[in-house]
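# A structural walkthrough
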Amino acid sequence: MDIITACQKIAEKGLVAGASGNISEKTGQTFRITASGMRLDSVRGESAILTCGIVSDDIPAGASMEIRMHRAIYRQRPDAWAVIHANPPY
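Structure report, in brief. (Residues numbered from 1 in each chain as written. Predicted model: local features only at pLDDT ≥ 70, side-chain atom pairs only at ≥ 80, totals over all residues. Heavy atoms only, no water.)

### Looking at the overall build of the protein
Looking only at helices and strands, the protein features two helices and four strands. Secondary structure elements in the protein, listed N-terminal to C-terminal, are α-β-β-β-α-β. Against the globule reference of 12 Å for 90 residues, the protein gives a C-alpha radius of gyration of 12 Å, in line with a compact fold. Expressed along its principal axes, the backbone C-alpha trace of the protein runs to roughly 35 × 25 × 25 Å. For the protein, contacts bridging at least 24 residues in sequence account for 49% of all contacts bridging at least 6. Accessible surface for the protein amounts to roughly 5100 Å². Of this, 55% is attributable to carbon and sulfur atoms. Averaging the positions of the 10 positive and the 9 negative side-chain charges in the protein gives two centres separated by 3 Å. (Helix = DSSP H or I, 4+ residues; strand = E, 2+ residues; numbered from the N terminus. Rg over C-alpha atoms; globule rule 2.2 N^0.38 Å. Contact = heavy atoms within 4.5 Å. Areas by Shrake-Rupley, 256 points an atom, 1.4 Å probe, with all protein chains shown as cover. Lys, Arg positive; Asp, Glu negative; His and termini not counted. Charge placed at Lys NZ, Arg CZ, Asp CG, Glu CD.)

See the structure below:
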């Protein structure tokens, strides 16, 4: 499943409220993550997704404040291919 479809499915299931939560997927030595303030139910295209390095500590403009958590997970768990950070409304 691609990151855009995952965003829509998580939102449909009510696992996030408003612009909370984010999703990333590893792509080799980089990962793609939803942008800061992006409602997962409104992620429709690549403009809502940022690419970040796993080894690099750089933080691209518009990145979620959770980028460090996603990066740390990929560094600690090379077998992880995706991270879902959901904030259910309940």
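### A short note on helix 2 (residues 67-76)
I67, H70, R71 and Y74 are the residues of helix 2 that are buried. Seen along its axis, helix 2 keeps its buried residues to an arc of 100°; they face one direction. Seen from the buried face of helix 2, the exposed residues on the opposite side, beyond 90 degrees, are R68 and Q76. The inward-facing, buried residues of helix 2 contact strand 1 (22-27), strand 2 (30-34), strand 3 (49-53) and strand 4 (82-85). (Buried < 20%, exposed > 50% of the residue type's maximum accessible area, 1.4 Å probe, protein only. Arc of directions from axis to C-beta.)

Remember, this is a structural readout, not a statement about activity or role.
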